[in-house]
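Each chain, written out:
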Amino acid sequence: MFDTTPQLDCAGRIVKLDRPRVMGIVNVTPDSFSDGGAHDTTDAAIAHALELVAQGADILDIGGESTRPGAADVPLAEELRRVIPVIEQLARQTDVPISIDSCKPEVMSAAVRAGAGMINDVRGLRGDGALQAAAEAGVPVVLMHMLGEPRSMQDAPAYDDVVGDVHRFLAERIFAAEMAGISKKNIVIDPGFGFGKTTAHNLALLAQLQRFSELGVPVLAGLSRKRSIGELTGRERASERVAGSVAAHLIAAQRGAMLLRVHDVAAMVDALAVWNAVSAVALPRQT
Ligand SMILES: Nc1nc2ncc(COP(=O)(O)OP(=O)(O)O)nc2c(=O)[nH]1
């Protein structure tokens, strides 16, 4: 019997989308908003990545440049220095698919050559050469919505209709990716929580997340430890936003998200264990 379950083929490493999957965040940066400096050497990043695998991560997302509001650009050579050794060594130590979180086409290409099987671009492949690099890499891509640039995106974000505007943007990026030769089965979309959005905007996007599944590709949600979670819970410190982040990602899963991008993998895996068990319960037929 042919298995028709959707899946992502990440350079031979398969992510089955039969249930929400957990993407573990590995920031090889000194300044990431919630864990900057914690894993910013090759050895520390690899150790952290393997810990996330042990906690149940289905994908690892390796990033060498912070995208937090106000973040400075990282030069190409420095970003390559940060992420490529991690990906090369990690790919030999785990079978878990590896995603590269970068906007630079040269980093995307080098990362895939080094063993990455997914490209995650917070700019939705809008950079010069990014679509071509991703098409040539032939791996799944995550297209995310961002309003403006990290430096200024949170200054005063405004939309006529945030859900409609983000929906249109992502539909356009899917079209652009397909025109560049990227197969639709290799496309994931992401509304970009916190990337040029107020908490009200993020709540509208989460409340109506189901609408994005209309675009016919898997949806990724990334709310982990973000400022909006802090505002809603009163948790000033990012590391104290685990429960709020898990709650938000469960709501995202309930509204169609198939990939959940989180720092706190063990907590998310436990929450999904309960969610999956309830989802598997056969409901009495409505008479
Ligand atoms: N697809 C996707 N990628 C992302 N990359 C980075 C961040 C920001 O989180 P983090 O990586 O923890 O922080 P920083 O960018 O400061 O390293 N959020 C997303 C997201 O929501 N979706």
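Keep in mind that what you see is a predicted model, and the values were worked out from it rather than measured. (Residues numbered from 1 in each chain as written. Predicted model: local features only at pLDDT ≥ 70, side-chain atom pairs only at ≥ 80, totals over all residues. Heavy atoms only, no water.)

Asks: Describe the overall build of the protein, listing the residues and the values that go with them.
Replies: The number of helices and strands found in the protein is 9 helices and 10 strands. Compactness check: the protein gives a C-alpha radius of gyration of 18 Å against a globular reference of 19 Å for 287 residues, within 12% of the reference. With the C-alpha coordinates of the protein rotated into their principal frame, the extents come out at 65 × 50 × 40 Å. Across the 287 residues in the protein, those meeting the buried criterion constitute 54%. For the protein, the proportion of contacts with a sequence separation of at least 24, taken over those separated by at least 6, is 67%. Here the protein has roughly 12,600 Å² of accessible surface; of this, 53% comes from carbon and sulfur atoms. (Helix = DSSP H or I, 4+ residues; strand = E, 2+ residues; numbered from the N terminus. Rg over C-alpha atoms; globule rule 2.2 N^0.38 Å. Buried < 20%, exposed > 50% of the residue type's maximum accessible area, 1.4 Å probe, protein only. Contact = heavy atoms within 4.5 Å. Areas by Shrake-Rupley, 256 points an atom, 1.4 Å probe, with all protein chains shown as cover.)

Asks: Would you mind going over the sheet that holds strand β7 (residues 141–144) in detail, with residue names and values included?
Replies: Read across the sheet, 8 strands follow the order β8-β7-β6-β5-β4-β3-β10-β9 without closing on themselves; strand pairing throughout is parallel. Of all the strands in the sheet, the pair left with one neighbour each is β8 (187–190) and β9 (220–221). Pairing of strand β6 (residues 118–121) with β7, which is carried by 3 bridges, proceeds in the parallel orientation. Within the sheet, the bridge partner assigned to N120 lies in β7 and is V142. Packed on one face of the sheet, helix α1 (residues 42–55) meets β3 (21–27) and β4 (59–63) and runs near 165 degrees to β3. (Pairing = 2+ DSSP bridges. Axes fitted to C-alpha atoms, helices over the stretch in contact; angles between N-to-C directions.)

Asks: Give me the site of the ligand: which residues, what numbers.
Replies: Every one of the 18 residues lining the ligand counts as a neighbour, but S32, S66, T67, D190 and H263 are closest to it. Take K226: an N or O atom from its side chain is 2.7 Å from an oxygen atom of the ligand. Its free accessible area being 470 Å², the ligand has 98% of it covered by the protein chains. Comparing atom positions with the cavity grids shows the ligand to sit within the largest pocket. For the shell around the ligand, the residue count by class is 6 nonpolar, 7 polar and 5 charged. (Near = heavy atom within 4 Å. Polar contact = N/O pair within 3.5 Å; in protein donor to acceptor, adjacent residues only side chain to side chain. 1 Å grid on protein atoms, 1.4 Å probe; cavity = no way out; pocket = protein on both sides within 12 Å on 5 of 7 lines; lining within 4 Å. Sits in = over half its atoms within 2 Å of the grid points. Nonpolar A, V, L, I, M, F, W, Y, C, P; charged D, E, K, R; others polar.)

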